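Tertiary structure, described
Each chain, letter by letter, is given below.
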Amino acid sequence: MDLALAAAAVALNVSTLISFDQRAPLDAPGWWLAVLHSAPIAVRRRLPTAAFATSAAAGLAFLALGYPMVILGVTALLMVYTLAAERPPRVSVTGLAVACVGMVVALVVAESDMGASTIAGNVVVLGAMWLIGDSTRRRRQQAEAERVALARQAVAEERISIARELHDVVAHSMSVVGVQAGLARIAIDDDPRQAKESLAIIEKAGRQAMDEMRRLLHVLRDGSENSATLAPAPGLAHVDELVSHTALAGTRVDLVEQGRRRVLAPGLDLTAFRVLQEALTNVRRHAPGMQARVAIDYQDDELVLRIDNDVVDGSLRSDNGHGLTGMQERVELYHGALEYGLHPDGVFRIVARLPYEPGDQ
């Protein structure tokens, strides 16, 4: 876009100079300066300060050498606007001052026949363009601040949700510890073997609870909330129910499992289930009626979840509900990785990689 705009500005300069009635024909330096004045438009948003400086220097030199001012208007206004829109006031005000003072000095040196009111009018127009550009910059900053605030709020809400579920996992583990401790106490004299099995279960459940407690503390570094639910959270054992529920909502799901199914730690099992749940929810929300394909791959060192879905023509999932942000939080909590995006074969693909926990079988 900027490249085309720069080409149009250069062409306008050339055509204007050709048609402008001059006392003497324009020489080579004049043509080069006319081109150099507008060419930086091509990089005005990538290098706004350098583009402005180059354009201003060429334009002022063009005026100082006595060439007609007629070509400078549009480019000068655009460059002042761009500098104000892309750079903070301490930079853009300096640029505006340079443009205004330089223009006045160049006109005086060149003994221009412009009146003071005309020169003042040009300065006012330059100032107006700066105000418009600065207003654009402030609106953009405000929009970005609101976007960041919404993203942080979404992350905070997701952390609270994760914390509630981890609380449930820990509570369930501790209830197991309590039950098995009671069995061990009863059986320790009459059935030592049963007591040993109960103690082994207590040991495993206690370690898992400690692991989940560490994650819970990590999640709640900004606050905490409790949940009174003590029932075990869902896991991959419930994936068939999830697929059936999704199908009832109008989205057909093809499920494939690969590798040897493992018994996962409760927190990891919950995370895998929630990733699949959120991914299928996104399919229903952003690609209603499209088919989804879910692959659960139990590899040697990690669990790999892949969710593919056909894309509705002309649209990609925008994830306004921050579902992908939530999945990212969950996966990273278990030292995993999440990748998502449009695949070359035309489907939207989500891939979650979750390393196994010590003790997963």
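Refer to the structure presented above.
The sections below set out a description of the structure shown in this document.

The rules behind the values
Residues numbered from 1 in each chain as written. Predicted model: local features only at pLDDT ≥ 70, side-chain atom pairs only at ≥ 80, totals over all residues. Heavy atoms only, no water. Axes fitted to C-alpha atoms, helices over the stretch in contact; angles between N-to-C directions. Helix = DSSP H or I, 4+ residues; strand = E, 2+ residues; numbered from the N terminus. Left-handed = near helix turned anticlockwise from the far one by under 90°. Contact = heavy atoms within 4.5 Å. Nonpolar A, V, L, I, M, F, W, Y, C, P; charged D, E, K, R; others polar. Parallel < 35°, antiparallel > 145°, perpendicular 65-115°, else oblique. Salt bridge = Lys/Arg side-chain N within 4 Å of Asp/Glu carboxyl O. Buried < 20%, exposed > 50% of the residue type's maximum accessible area, 1.4 Å probe, protein only.

As a packed pair, helix α2 (residues 28-38) and helix α3 (residues 48-64) sit with axes 8 Å apart at the nearest point and diverge in direction by 150 degrees. For the crossing formed where α2 meets α3, the hand is left-handed. Mapping the contact onto sequence places G30, L33, A34, L36 and H37 in α2 and T54, S55, A58, G59, A61 and F62 in α3. Of the residues in the contact of α2 with α3, the class split is six nonpolar, five polar and no charged.

Glancing now at the packing of helix α9 (residues 266-286) against helix α10 (residues 323-333). Where α9 contacts α10, the axes come no closer than 10 Å and their chain directions differ by 165 degrees. One element, α9, and the other, α10, form an angle in the roughly antiparallel class. For the pair α9 and α10, the crossing hand works out as left-handed. Of α10, the residues touching α9 (which contributes T271, R274, V275, E278, A279 and N282) are G323, L324, M327, R330 and V331. Partitioned by chemical class, the residues of the contact of α9 with α10 number five nonpolar, three polar and three charged.

Before going further, it helps to spend a moment on the pattern of salt bridges. Between side chains of opposite charge, a pair can form when the charged atoms approach closely. A full pass over the atoms with the stated rule returns twelve salt bridges. Here R140 and E86 are joined by a salt bridge, their closest N and O atoms 3.7 Å apart. Separated by 54 residues along the polypeptide, R140 in helix α6 (residues 116-187) and E86 in helix α4 (residues 73-86) bring together distant segments of the chain. The partner of D310 in a salt bridge is R293, with the nearest N and O atoms 3.1 Å apart. Separated by 17 residues along the polypeptide, D310 in strand β3 (residues 302-310) and R293 in strand β2 (residues 292-298) bring together distant segments of the chain. The network of salt bridges with common partners includes R306, D308, D345 and R349.

A large share of α10 lies buried, amounting to eight of its eleven residues. For α10, every residue scored as buried is listed here: G323, L324, G326, M327, E329, R330, V331 and L333. Phi turns positive, to about 60 degrees, at H335, one or two residues after α10.

Another aspect to go through is the environment of L199. Mapped onto the elements of the fold, L199 is located in helix α7 (residues 192-219). When the C-alpha positions of L199 and A181 are compared, they lie 7.1 Å apart, and in sequence the two are 18 residues distant.

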